[in-house]
Amino acid sequence: MISELVAKIGPIQITSTCGGRHARHSQHYGGKAVDFRPLATSTRAAVAAAKALESTGGVGSYPGGLVHVDVGEREASWYGHKRARRQYAQLAQRRR
């Protein structure tokens, strides 16, 4: 998924993989998610490209230009902080 994404949007700076602190039951802990900063395009364009990939499950963005993508079972999208993310993710979730 990362190779496909980089082919579409150009280089990225990976900021988080499976280490660090994440939400409970995060896809990060299973090695199925990555957070990154796009280096050659806007956050909005990176999110759109990630959502267009067949292999992605969750796609979200945060203030400051960070993007989250995962290959989890559920398709979900969000923007913002934890509280808002939960609200938007619940509205956007659907099973594959």
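Presented here is a report on the structure given in the accompanying data block. Treat the numbers as computed from the prediction; the structure is a model and nothing was measured.

About the thresholds
Chains are numbered independently. Their residues run from 1 in the order of the written sequence. The predicted nature of this model means local features are confined to residues of pLDDT at least 70 and side-chain atom pairs, given and counted, to a pLDDT of 80 or more, with totals for whole chains, interfaces and linings taken over all residues. Note: side-chain values were computed over all heavy atoms of the structure, leaving out hydrogens and water. Secondary structure counts use DSSP, requiring at least four H or I residues in a row for a helix and at least two E residues in a row for a strand, with both numbered from the N terminus. Here the term buried applies to any residue with accessible area under 20% of the maximum for its type, exposed to any over 50%, and partly exposed to those in between, with areas from a 1.4 Å probe on protein chains only. For this analysis, residues touch if any pair of their heavy atoms sits within 4.5 Å. Accessible surface area values rest on a Shrake-Rupley calculation with a 1.4 Å probe, where residue burial reflects the displayed protein chains alone.

### Some thoughts on the overall build of the protein chain
Step number 1: Check the secondary structure of the protein chain and you find three helices and six strands.
Step number 2: When the helices and strands of the protein chain are listed from N to C terminus, the series reads α-β-β-α-β-β-β-α-β.
Step number 3: Per-residue burial over the protein chain gives 38% buried out of 96 residues.
Step number 4: Taking all contacts inside the protein chain whose residues are at least 6 apart in sequence as the whole, residues at least 24 apart take part in 39%.
Step number 5: Counting every atom, the protein chain has about 6,200 Å² of accessible surface; 49% of that belongs to carbon and sulfur.

### Remarks on unusual backbone geometry
Step number 1: Even without being a glycine, His-25 presents a positive backbone phi close to 65°.
Step number 2: Topologically, His-25 is positioned in the loop between strand E1 (12–16) and strand E2 (33–38).

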